[in-house]
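Structural overview for review
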Amino acid sequence: SLGNVAANLLVEVYEAALAEDWQRSMAAQERATAIRAIYRVVPGDSVFDGLLAGIKGALNVLGVEAGPPAAPLRPCTAAEAESIAEILRCGGLLS
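The rules behind the values
- Residues numbered from 1 in each chain as written.
- Predicted model: local features only at pLDDT ≥ 70, side-chain atom pairs only at ≥ 80, totals over all residues.
- Heavy atoms only, no water.
- Helix = DSSP H or I, 4+ residues; strand = E, 2+ residues; numbered from the N terminus.
- Expected span 1.5 Å × (residues − 1).
- Buried < 20%, exposed > 50% of the residue type's maximum accessible area, 1.4 Å probe, protein only.
- Arc of directions from axis to C-beta.
- Contact = heavy atoms within 4.5 Å.
- pLDDT = per-residue confidence, 0-100.

1. Looking at helix α3 (residues 22-35)
The end-to-end C-alpha distance of α3, which contains 14 residues, comes to 20 Å, matching closely the 20 Å that a straight helix rising 1.5 Å per residue would cover. Buried within α3 are the following residues: Ser-25, Ala-28, Ala-32 and Ile-35. Taken down its axis, α3 places every buried residue within 80 degrees of arc, on the same side. Those residues of α3 that are exposed and angled more than 90 degrees off the buried face are Gln-23, Met-26 and Glu-30. In this structure, the buried side of α3 is in contact with α1 (2-5), α2 (7-18) and α5 (78-90).

Pasting the structure below:
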């Protein structure tokens, strides 16, 4: 889930909402929503294929060894990993 990739960001959404800081909560939620684009980087036969490959690809880009998806899914190509890295940079998760 996105919580595996952007846990701190989701906590920020929650904590800002608890503090009734709606502007900060919405800004963090918008960043989290944009990061979900990692699910669409790797094409597959179903939405689940891209979701799983995107999560594993993002974790690997972030330095968390997640390994490749199990067969018959395929891992990210170098170009797909770079696309995921760019999404993570735009979301503030990668410098």
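2. What to know about the confidence of the model for the protein
Of all residues in the protein, 100% have pLDDT values of 70 or greater, and the mean over the chain is 93. When mean pLDDT is compared element by element in the protein, α2 scores highest at 97, while helix α4 (residues 47-61) scores lowest at 90.

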